[in-house]
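Letter by letter, the chains look like this.
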6 protein chains.
Amino acid sequence: MTEEPSKRVIIMVIGLNELIKAALAEDIGPADVTTDATVPHDLMGEAWIGTKQEMVLAGISVAERVFKIVDPTIVFERFAMDGEQVPANRRIAAVRGSVRALLIAERVALNLLQRMSGIATLTRQYVEAVAGTGAKIVDTRKTTPGLRALEKYAVTAGGADNHRFGLFDGVLIKDNHIAAAGGIRAAIDGVRISAHHLMKIEVEASNLSEVEEALQAGADVIMLDNMPVEAMMQAVAMAKGMALTEASGNVTLANVREVAATGVDLISVGALTHSAPAADISMKLRVGTPV
Amino acid sequence: MTEEPSKRVIIMVIGLNELIKAALAEDIGPADVTTDATVPHDLMGEAWIGTKQEMVLAGISVAERVFKIVDPTIVFERFAMDGEQVPANRRIAAVRGSVRALLIAERVALNLLQRMSGIATLTRQYVEAVAGTGAKIVDTRKTTPGLRALEKYAVTAGGADNHRFGLFDGVLIKDNHIAAAGGIRAAIDGVRISAHHLMKIEVEASNLSEVEEALQAGADVIMLDNMPVEAMMQAVAMAKGMALTEASGNVTLANVREVAATGVDLISVGALTHSAPAADISMKLRVGTPV
Amino acid sequence: MTEEPSKRVIIMVIGLNELIKAALAEDIGPADVTTDATVPHDLMGEAWIGTKQEMVLAGISVAERVFKIVDPTIVFERFAMDGEQVPANRRIAAVRGSVRALLIAERVALNLLQRMSGIATLTRQYVEAVAGTGAKIVDTRKTTPGLRALEKYAVTAGGADNHRFGLFDGVLIKDNHIAAAGGIRAAIDGVRISAHHLMKIEVEASNLSEVEEALQAGADVIMLDNMPVEAMMQAVAMAKGMALTEASGNVTLANVREVAATGVDLISVGALTHSAPAADISMKLRVGTPV
Amino acid sequence: MTEEPSKRVIIMVIGLNELIKAALAEDIGPADVTTDATVPHDLMGEAWIGTKQEMVLAGISVAERVFKIVDPTIVFERFAMDGEQVPANRRIAAVRGSVRALLIAERVALNLLQRMSGIATLTRQYVEAVAGTGAKIVDTRKTTPGLRALEKYAVTAGGADNHRFGLFDGVLIKDNHIAAAGGIRAAIDGVRISAHHLMKIEVEASNLSEVEEALQAGADVIMLDNMPVEAMMQAVAMAKGMALTEASGNVTLANVREVAATGVDLISVGALTHSAPAADISMKLRVGTPV
Amino acid sequence: MTEEPSKRVIIMVIGLNELIKAALAEDIGPADVTTDATVPHDLMGEAWIGTKQEMVLAGISVAERVFKIVDPTIVFERFAMDGEQVPANRRIAAVRGSVRALLIAERVALNLLQRMSGIATLTRQYVEAVAGTGAKIVDTRKTTPGLRALEKYAVTAGGADNHRFGLFDGVLIKDNHIAAAGGIRAAIDGVRISAHHLMKIEVEASNLSEVEEALQAGADVIMLDNMPVEAMMQAVAMAKGMALTEASGNVTLANVREVAATGVDLISVGALTHSAPAADISMKLRVGTPV
Amino acid sequence: MTEEPSKRVIIMVIGLNELIKAALAEDIGPADVTTDATVPHDLMGEAWIGTKQEMVLAGISVAERVFKIVDPTIVFERFAMDGEQVPANRRIAAVRGSVRALLIAERVALNLLQRMSGIATLTRQYVEAVAGTGAKIVDTRKTTPGLRALEKYAVTAGGADNHRFGLFDGVLIKDNHIAAAGGIRAAIDGVRISAHHLMKIEVEASNLSEVEEALQAGADVIMLDNMPVEAMMQAVAMAKGMALTEASGNVTLANVREVAATGVDLISVGALTHSAPAADISMKLRVGTPV
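Rules and cut-offs
- Residues numbered from 1 in each chain as written.
- Chains lettered and ligands numbered in written order.
- Predicted model: local features only at pLDDT ≥ 70, side-chain atom pairs only at ≥ 80, totals over all residues.
- Heavy atoms only, no water.
- Helix = DSSP H or I, 4+ residues; strand = E, 2+ residues; numbered from the N terminus.
- Buried < 20%, exposed > 50% of the residue type's maximum accessible area, 1.4 Å probe, protein only.
- Contact = heavy atoms within 4.5 Å.
- Areas by Shrake-Rupley, 256 points an atom, 1.4 Å probe, with all protein chains shown as cover.
- Polar contact = N/O pair within 3.5 Å; in protein donor to acceptor, adjacent residues only side chain to side chain.
- Least-squares fit on C-alpha atoms with pLDDT ≥ 70 in both.
- Pairing = 2+ DSSP bridges.
- Axes fitted to C-alpha atoms, helices over the stretch in contact; angles between N-to-C directions.
- Parallel < 35°, antiparallel > 145°, perpendicular 65-115°, else oblique.
- Left-handed = near helix turned anticlockwise from the far one by under 90°.
- Nonpolar A, V, L, I, M, F, W, Y, C, P; charged D, E, K, R; others polar.
- Buried area = accessible area lost by both parts, 1.4 Å probe.
- Salt bridge = Lys/Arg side-chain N within 4 Å of Asp/Glu carboxyl O.
- Phe/Tyr/Trp six-rings, centres within 6.5 Å; stacked < 30°, edge-to-face > 60°.
- Lys NZ or Arg CZ within 6 Å of the ring centre and 35° of its normal.
- Core = buried A, V, L, I, M, F, W, Y, C linked by side-chain atoms within 4.5 Å.
- Domains from an automatic or database assignment.

This paragraph deals with the overall build of chain A. A tally of helices and strands in chain A yields 11 helices and 12 strands. Expressed along its principal axes, the backbone C-alpha trace of chain A runs to roughly 75 × 35 × 30 Å. By the burial criterion, 64% of the 291 residues in chain A qualify as buried. Long-range pairs, those at least 24 residues apart, make up 72% of the contacts in chain A between residues at least 6 apart in sequence. Taken as a whole, chain A presents about 9,900 Å² of accessible surface, with 52% of it coming from carbon and sulfur.

Below, the structure written as structure tokens:
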């Protein structure tokens, strides 16, 4: 059993500390006036972070880092790991140290943990809804500005796969690119000349004739944009052995299995990151004695 | 008729540009490989941003600024204003300029606009649910790290009020502060000595004896934490004329009116910012001719 | 006996390191050419930081952090604490470590310590001048750009209280706001609608009729702006039990006790932070032997 | 007649905007709650910045830039220039534009202008005190962290000269460097090998035998550290034609002319930057009508 | 004819300004002491940037932006465009404006222009050396820290192609990855699970059996690492129709055509960016009269 | 034997970490997709950094810091020191730790080490070419934007000297300054008034009459700009005892000894930093077992 989702781990050596420091500055400003006034600076305590609903956990390392940035002497002990399905009312971590530090770090740590676990929890529902079909659930670029790496990591903790990270690490030719380039073939040819040789080419198609055209032009992946299920099935048949297919648009928990049943390889779901409700997590603190 | 929510406008002279630049860098990285390969650099076009569901709009100025940061020569024309209830399938803005710039700015602009409008839309539902009672809906510190100013602004666009911005601009004495200080009175006295003279004092109470104690100690506001409706009613009666009351915890659209009916002055709802689904907004682009 | 001023401690988790690094970069630039040329890199030594005048100390932790940022292996031992009245020619700290590091950190550490102790020392004079009256000395926003948190902390080390930190954590309606809003009542009503419920409202008044108007409109605090002493006394009488009063404008060490004798609750003094002469502190170093 | 001090102008192409933005963020935080609540966003007005005491002006361009950063459409008209002696109660600038912007920029603009003019004013007193002697007044590195460029500029506006900017642009061998290097000659030789060929060498001496030793070793400048006036005279005689001399330590307005009379070339005064009281400057605003 | 290399344009909306400002700060520090002392602030002039050797130009827009950042009123007129072969002693741009600004911007503008043109010039030599073969010259990650986007752009100006930008936008499985994963197939399978679906997979092989193994495992591209020419020819034959081949290691201008003749699709050359001598470019200025 | 070049050590307390973090972010972006997919997160290993050509080493501490920033638990052992002449195929360091961290840090560490060692190696050739003459080799401001401190340090590791760091720490009056000031004397007089008293004055001269004029005006150093060897000899004779002389322009390894033989004190060579080919250094890794 490993500590992180088995399939992939996004390494964020550099930027995470800056993100957390900015979040703390946003919340604390010049001072936590309540804590400064009421909590002796040498008071120690212990807190437990626990679930208030069933969820798939994501972000436990991020929460730990928030506490450590506020006070490196804080001890953080985990009882669950990212990707784990945790029942309601279960302790997922214990945190021990200065009460001032615990209180100051609490909100930022929980805000990140709740958002990430919310995404993982919703993602898991989609993943389970398509279980047994060959389809993979993937995310989109519809993420929160500034939090994309964390949110895409949470998607993997939920058991789904990532689509490209941004505009720079994958080619996705949409209708507007096609219009600008003067056709599907022209667009693909442009990418062949311009993008580096390790990039596959995905092309958006909204009907079967566009699917046909994209296949003829050598697309590696066809995005089936808002297509009816029957058309998707035909597109999958056409693309079989030539290109992967990705269903996109208006996918919900209610219809995702039907979409998967068309045989598409990938189903992208913007809601994973833009509309997942926060998972309900809270922190309980027991004040000790000054040290 | 003014262009912004009537009650308040958060001025963010300094930080918004930095937030948008960071979001663009996150999405674009070193280059938009698809657009570079398919769109001539001198191609001009026009795009329309439109709703795909009914919503309360928030963030139209923010979206405009995203486009202007990518290319200051872009022309952005608004057809709706923040705080306005907009039906589905309505154009809310037209954007004209370089197609490359339009495509590169699109996702970040929409990500911000959808999140903010999602918050405003959910907020409006809560506000309408308590219409006619004296209760005000307020937000919490359960916001997305880095986006608090935008999210709290969206709450006001939805018609609700803001609670304190962070730990620095309002005193809220919670159970842990009380435990650390050695009681409600000790905590309030500590704040009286330490916080500046323009700060009111809010105290969390979870039962009526704590309400009584907080009132005796001179609290300006009592937060009624997860109290049953009947207890809340009693608390409101006790506090009448002495302190404001704020209901907090487990408030949903289903029960908010019942909570409001207790006579509380304020009802804080974390879901406004942590669990609002994104409002569905899209951009359609018509490619013109090179200039 | 605690290590920090008894009443309040401003916590600056995030920004202080950045401030110190920027100050070091400003002073050191690409290299300390003199030290590089004359001091062996393995030479160890011991330095003593000492007073050259009587003073109230402030910033000893900040000075320590400067040395630790330059070289984490430096040992810093304190002999006095912030808020302490220290006579002239007294050692307040010993610093041991690499001579290069000691010399490179010296100026920035002393510049901060001298400014902060200068503020604490001047503040203490004001505080003592009003001893026994009920008046509190408070600071203003007339601080050095970039150093407000440190300077306001130094004010508390001197024994006075802080006014609001900035424009965001307290409401202060001045003559221009009143003119813009169309009168005192309109301005206060505007704030009631717009500011959050934990903010008290202070209103500037320059004569007794404005005091009356502000009281009628429900101001929590009245700032008596440049009023004659007699008028202040009348204002205090009018406000008694209804609002706090703050004397502001042209307060000097010579007249502060007379102002306090009017019965005002608060006296704000810009000079605490904008005109305090630096306290005279120096560092003596004894070079040891290479290690 | 030029707009800036005749002798030198420090060009700060890059950093000044960042400094001002940070100062504004420090003061405004998430929002100016009073102005937002009381001033219509379309209200225009005019303000005058004026002196409340006689002073030497410094920083008028810096103040202008603060207003322009808050709102580029503000019009700023100057009536006086840096380095100019301005009597009390004189308007030095008019500022026209959005009342919100004027109020938000006011404090930061004045804080910088008052500090810089305070330094220029004190500096001018020292310069006039030594008028007619050959001695130049120079500043030191005892400046406010983060503001060194502005403060050293203010010194030149006051009519004095700058010493080296930091540790990187001039060699100053102090007692500790001498002890570390094993003597004055060894220290100077070390610098000859290590520093680049455009650097002169200044050596601190606290008695005449050290002066002699520094001259023998070829120092370009001798800093006479806390020497009695008689010894300084002898040192000046010894150094004549061989090295410049700089008086340093315990120089006040009361004794600076006596020091200058010793014939020293330079007199460095830390108080210029670390203990100059702020010049009293205020802004008066007249609210216009919404536009 | 367009103004930029025909095949690709790297868009750097966000980061280039920051890079240039940092470079200017590095060079100017607190002030250009020579220019401040000798050049009147209102003196205008005209400068010509010209070649002192034959070269392929790259970076003319970057140079322009340096001047514009120092002074937005500077007029910059181009006489040549990126990617153009320019003979020696030819003017490539005229720059008109404040002499101070021209002198302050000169070095940073030239340093960037010379480096980028040096890269383009060397690249063109490699491109021409393989002209007529099917091989493409590509760059590597052996770029100058901080300048990768500019250097990779310069490579395209020279007529070659880019390899992946960094570790994030392309999969390249090297010997260490293979050892860590436990074999070529295991490594490729790991990537198939973990990397998103738009990434092709390149595998390093140092002999023909590794080439065979990589082909069997389905690699999209085989990097032939330091292979003899004969082995490369065999590898090309083996991979034909199954995978692209890339020659890597010890490629020089002397042997690159021989390498290309093996039939490889791509030849990567680290020297393009890590060892290109600067192209010789200078600026001549004619001082005008004060305006 | 010391660990650093004997003559000088540039201390870079503040900026180096930021530079390295930026370089890592540039290379890694959101994730190293190959390493994440193929290397178990708990796999440990050992790597050796070794030379592939003879070189003068520079930057070994910088390389160490790259690894430590990626993972502070990495152990870095040096086998050679900066300034040391190292033969080909020699191990210069061993690095032990997490294989993921080793692979992620490798390229940035090598890119810096290769560039710095390339500069040191080329510099050493120039230094040896003038051995026995009195001439010193010095660098210029023709450095890579952002890397000046590292490149100038590498020059000293190669055994040469630094010229001024930037525009701020040395006066160099060039032809344009002379034209702007209205002559050599006017320019020097301007500097005397404006620059601080620790700055020497260097003046560019392109013929003997300018040399004469600069000497008459009291220049400390004369830069002989692109002068023929014979003229340089005359200039050296003229300047003897009055000023140092610096040869500048068109100096190559082929002609540097002839230039040195003219008796000039300094020879500045831009190629040291702008055209040094990277030294060939590689890292070999042996994968261990998961820990």
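Looking at where B:Thr143 falls in the secondary structure, it is placed in the loop between strand 6 (136-138) and helix 5 (148-157). Here the side chain of B:Thr143 touches B:Arg148 through a polar contact of 2.9 Å, side chain to side chain. Look past the residues within four positions of B:Thr143 in its chain and what remains in contact with it is A:Asn111, B:Arg148, B:Glu151 and B:Thr273.

Structural alignment of chain A on chain B gives an RMSD of 0.0 Å, achieved by rotating through 180 degrees and translating 0.0 Å along the axis. Accordingly, the operation relating the two chain copies is best matched by a two-fold axis. Residue by residue, 100% of the interface of chain A is reproduced at the interface of chain B, so both copies engage with the same surface.

Looking now at the arrangement of the chains. Kept free of each other, chain C and chain E leave a smallest C-alpha distance of 8 Å between them. With respect to C-alpha atoms, chain B approaches chain F no nearer than 8 Å, and the pair has no contact.

Attention now moves to the sheet that holds strand 9 (residues 221-225) of chain B. Residue and element names in this part refer to chain B. Strand order in the open sheet formed by 6 strands is 6-11-10-9-8-7, and the pairing between neighbours is parallel. Edge positions in the sheet fall to strand 6 and strand 7 (171-173), since each of these pairs with one other strand and no more. Between one strand and the next, the sheet's axes are offset by a mean angle of 25 degrees, whatever the strand orientation. Judged from the 5 bridges that link them, strand 9 and strand 10 (residues 244-248) form a sheet pairing that is parallel. By the bridge assignment, leucine 224 is partnered in strand 10 with alanine 247. Running at roughly 160 degrees to strand 10, helix 9 (residues 229-239) makes contact with strand 9 and strand 10 of the sheet.

Residue and element names in this part refer to chain C. The contact between helix 8 (residues 208-216) and helix 9 (residues 229-239) brings their axes to 10 Å, and the two run at 15 degrees. As the angle between them shows, helix 8 and helix 9 are arranged roughly parallel. Along this stretch, helix 8 crosses helix 9, giving a crossing that reads as right-handed. The residues of helix 9 that touch helix 8, namely those facing Leu208, Val211, Glu212 and Leu215, are Ala231, Gln234, Ala235, Met238 and Ala239. Residue composition of the contact of helix 8 with helix 9, by class: 7 nonpolar, 1 polar and 1 charged.

Another point: the sheet that holds strand 8 (residues 201-205) of chain C. Residue and element names in this part refer to chain C. In spatial order, the strands read 6-11-10-9-8-7; together these 6 strands make up an open sheet with parallel pairing. In the strand order of this sheet, the two ends are held by strand 6 (136-138) and strand 7 (171-173), each with one partner. In this sheet, neighbouring strand axes are inclined to one another by 25 degrees on average, regardless of whether the strands run parallel or antiparallel. Summarising the sheet, strand 7 and strand 8 pair through 3 bridges and their orientation is parallel. Bridge assignment links leucine 172 to a residue of strand 8, and that residue is glutamate 202. Sheet strands touched by helix 9: strand 9 (221-225) and strand 10 (244-248). Its angle to strand 10, the strand with the most contacts, is close to 160 degrees.

This part is about the interface of chain A and chain B. Counting residues at the interface gives 59 residues for chain A and 59 residues for chain B. Between chain A and chain B, a total of about 4,800 Å² is buried, with carbon and sulfur atoms accounting for 57% of that surface. Contact with chain B buries surface across chain A, with A:Glu26, A:Pro145 and A:Leu167 losing the most and accounting together for 15% of the total. On the surface where chain A and chain B come into contact, there are 4 salt bridges. Counting every contact that joins chain A to chain B gives 29 residue pairs in polar contact (both at pLDDT 80 or more). With 6 residues, helix 4 (residues 99-129) of chain A is the largest single contributor of residues to the side of chain A that touches chain B. Classifying every residue of the side of chain A that touches chain B by side-chain character gives 32 nonpolar, 17 polar and 10 charged.

Moving on, we get to the packing of aromatic side chains. Under the criterion given, the structure shown has 15 aromatic pairs over all chains. An angle of 40 degrees between the planes, with centres 6.0 Å apart, marks the rings of E:Phe67 and E:Phe76 as tilted. On the accessibility criterion, E:Phe67 (0% relative accessible area) is buried. Ring centres of E:Phe165 and E:Phe168 lie 6.1 Å apart, and the angle between their planes is 45 degrees; on these two criteria the pair is classed as tilted. The pair formed by E:Phe165 and E:Phe168 is uniform in burial state, with each residue classed as buried. Of the aromatic side chains, those joined through ring pairs into one cluster are A:Phe165, A:Phe168, E:Phe165 and E:Phe168. For the cation-ring pair, B:Arg148 lies above B:Phe165, with the distance from its terminal atom to the ring centre recorded as 6.0 Å.

Here the focus is the nonpolar core. Residue and element names in this part refer to chain C. Ile49, Phe67 and Ile267 are the most contacted members of the largest nonpolar core, which totals 100 residues. With 17 residues, helix 4 (residues 99-129) is the single largest residue contributor to this core. Counting only domains with at least three residues in this core, you end up with domain 1 (6-125 + 277-287) and domain 2 (128-274).

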